[in-house]
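Observations on the model geometry
Listed below are the residues making up each chain.
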Amino acid sequence: MNKKKILVLGANGKTGSRVIDRLQKISEVEVRMGSRNAAQPFDWENAETWFPVLQDIDSVYITFQPDLAVPAAVAIIQKFASLATSLGVQKMVLLSGRGEKEAQVCEEIIKNTAKNWTIVRASWFNQNFSESFFLEPILAGFVALPRAKALEPFTDANDIADVVVECLLNEKHNNQTYELTGPKLLTFPEAVAEIAKATDKEIHFQALSLEEYVQMLKEYQVPEDHIWLINYLFEHVLDGRNSHITNDIEKILGRKPTDFSTYAKETAKSGIWNVINA
Ligand SMILES: NC(=O)c1ccc[n+]([C@@H]2O[C@H](COP(=O)([O-])OP(=O)(O)OC[C@H]3O[C@@H](n4cnc5c(N)ncnc54)[C@H](OP(=O)(O)O)[C@@H]3O)[C@@H](O)[C@H]2O)c1
């Protein structure tokens, strides 16, 4: 029997790694890792790397770097999707953000270029606090962020991975757009308080204005394009437009999404936050 060949981009990332773990347990599937560090490297910034990685692939899970909202994304996604379709790719599952009109331009490109597609829009990931940009401040015991009153329905990367695998394998999800959220709206101080409770450590939260936050990033010499993206995300995505929950995870998986406090308790057990320096 011919195995279904699936390329997972962002193979070492928060959702990509979990999608790979799940697909590797399915005998009818052959998984290819899309990573700058794979034997056959894949780099969004080097289109010459795309062709060999796309050879003989049936379906692709696309996680773009750094974000579909950056101005360069439109041309890159168009070029990648056209190449993938011309090489015979039958299905693309695109990870997108919620309420990002720039990302929606990229979604339209996938919808118009892929033979079959599923768009998976996700709210901010829980794992940003344990595997990404909020880990360092959590470990420092001091989190300073803008939009302290914004309500966000943080989603668990494990739930996203379960949905993505279901979308990759089941044709009933073809040509659908889903919005994934966790079960509860939380502010940043509430999310940080959940982690403090789960770890039994003190983590101080300081509310900043967006201007103060951008200034702080400049002082830390964060690259300009990164600051642009962070500013965009805080200014647009956290302005209240996404402060509502959806039931798409339950609709697709037949179970409730993971609660932030469950994520915090499970992650505390993993030891990643053991060295919180309060
Ligand atoms: N984080 C969130 O809360 C969130 C929410 C909604 C949507 N999204 C979307 O999800 C996507 C993934 O975002 P993320 O920040 O969470 O990252 P991520 O999935 O954790 O991915 C990080 C990985 O990207 C890979 N990477 C970095 N630069 C690359 C390049 N030039 N070419 C190929 N791979 C590259 C790196 O892997 P290698 O070093 O192995 O190449 C790294 O492991 C983005 O499009 C983002 O907009 C994120």
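Check the entry above for the structure.
To keep things clear, this report deals only with the structure shown in the data block.

Re the overall build of the chain
Counting its regular elements, the chain contains 11 helices and 8 strands. Its C-alpha radius of gyration of 19 Å places the chain within 12% of the 19 Å reference for a compact globule of 278 residues. Dimensions along the principal axes, computed over C-alpha positions, put the chain at roughly 55 × 40 × 35 Å. Buried residues in the chain amount to 41% of all 278 residues. The contacts of the chain with a sequence gap of at least 6 include a subset with a gap of at least 24, amounting to 80%.

So, the site of the ligand
Taken together, the neighbourhood of the ligand is formed by 24 residues, with Gly13, Lys14, Ser35, Arg36 and Asp67 sitting nearest. Residue classes in the shell around the ligand are distributed as 8 nonpolar, 11 polar and 5 charged.

Digging into unusual backbone geometry
Across the junction of Gln65 and Pro66, the peptide omega takes the value 0 degrees, indicating a cis bond. Relative to the assigned elements, Pro66 resides in the loop between β3 (59–62) and α3 (73–86). In this model, Asp56 sits at a positive phi of 65 degrees, which is unusual for a non-glycine residue. Within the secondary structure, Asp56 sits in the loop between α2 (50–54) and β3.

Thoughts on the sheet that holds strand β4 (residues 91–97)
In spatial order, the strands read β2-β1-β3-β4-β5-β7; together these 6 strands make up an open sheet with parallel pairing. Each having just a single partner strand, β2 (29–34) and β7 (176–180) make up the two edges of the open sheet. Sheet twist, expressed as the average angle between the axes of neighbouring strands with direction ignored, equals 15 degrees. Pairing geometry for strand β5 (residues 116–122) and β7, over 5 bridges, is parallel.

Considerations on the pairing of strand β1 (residues 4–9)
With 6 bridges connecting them, β1 and β2 associate as parallel partners. Following the sheet pairing, Ile6 is matched in β2 by Val31. Read from β1 through helix α1 (residues 16–23) to β2, the crossover connection turns out right-handed. Strand direction decides the pairing type here: β1 and β3, joined by 3 bridges, are parallel. When the bridges of β3 are listed, Leu7 appears paired with Val60.

Regarding the nonpolar core
The biggest cluster of nonpolar side chains holds 72 residues, and the ones touching the most others in it are Val8, Tyr61, Met92, Ile110, Val120 and Val164. When residues of this core are assigned to their parent elements, the largest contribution, 8 residues, is made by helix α6 (residues 157–169). With near-sequence residues (within four places) excluded, Tyr61 lies in contact with Ile6, Val8, Leu9, Gly16, Val19, Val93, Val164 and Leu168.

Regarding helix α4 (residues 101–113)
The first and last C-alpha atoms of α4 sit 19 Å apart over 13 residues, in line with the 18 Å expected at 1.5 Å per residue. Within α4, the full set of buried residues consists of Ala103, Cys106, Ile109 and Ile110. Buried residues along α4 cover an arc of 105 degrees about the axis, so they all sit on one side. Of the exposed residues in α4, those oriented more than 90 degrees away from the buried face are Lys101 and Asn112. Where α4 is buried, its residues meet α3, β4 and β5.

What about the packing of α3 against α4?
In helix packing, the relevant descriptors are the interaxial angle and the interaxial distance, both defined with respect to the helix axes. Close contact between α3 and α4 brings their axes to 9 Å; oriented N to C, the two are set at 15 degrees. Comparing the axis directions of α3 and α4 gives the class roughly parallel. In this structure, the crossing between α3 and α4 has a hand that is right-handed. Facing α3, whose interface residues are Ala73, Val74, Ile77, Gln78, Ala81, Ser82 and Thr85, α4 presents Val105, Cys106, Ile109, Ile110 and Thr113. Of the residues contributing to the contact of α3 with α4, the split by class is 8 nonpolar, 4 polar and no charged.

Regarding α6
Here α6 contains 13 residues, and its C-alpha end-to-end distance of 18 Å stays within 8% of the 18 Å for a straight helix at 1.5 Å per residue. Among the 13 residues of α6, 11 are classified as buried, and the element is accordingly described as predominantly covered. Taken together, the buried positions of α6 are occupied by Ala157, Asn158, Asp159, Ile160, Ala161, Asp162, Val163, Val164, Val165, Cys167 and Leu168.

Things to note about the environment of Val29
Assignment of secondary structure puts Val29 in strand β2. On a C-alpha basis, the gap between Val29 and Lys4 in space is 4.8 Å, while along the polypeptide they are 25 residues apart. Discounting residues that sit within four places of it in the chain, Val29 has contacts with Lys3, Lys4, Ile6 and Leu23.

Reading guide: rules and limits
- Residues numbered from 1 in each chain as written.
- Predicted model: local features only at pLDDT ≥ 70, side-chain atom pairs only at ≥ 80, totals over all residues.
- Helix = DSSP H or I, 4+ residues; strand = E, 2+ residues; numbered from the N terminus.
- Rg over C-alpha atoms; globule rule 2.2 N^0.38 Å.
- Buried ≥ 20, exposed ≤ 12 C-beta atoms within 10 Å, placed from the backbone.
- Contact = placed C-beta atoms within 7 Å.
- Near = placed C-beta within 6 Å.
- Nonpolar A, V, L, I, M, F, W, Y, C, P; charged D, E, K, R; others polar.
- Pairing = 2+ DSSP bridges.
- Axes fitted to C-alpha atoms, helices over the stretch in contact; angles between N-to-C directions.
- Right-handed = clockwise from strand over helix to strand, strands pointing away.
- Core = buried A, V, L, I, M, F, W, Y, C linked by C-beta atoms within 7 Å.
- Expected span 1.5 Å × (residues − 1).
- Arc of directions from axis to C-beta.
- Parallel < 35°, antiparallel > 145°, perpendicular 65-115°, else oblique.
- Left-handed = near helix turned anticlockwise from the far one by under 90°.

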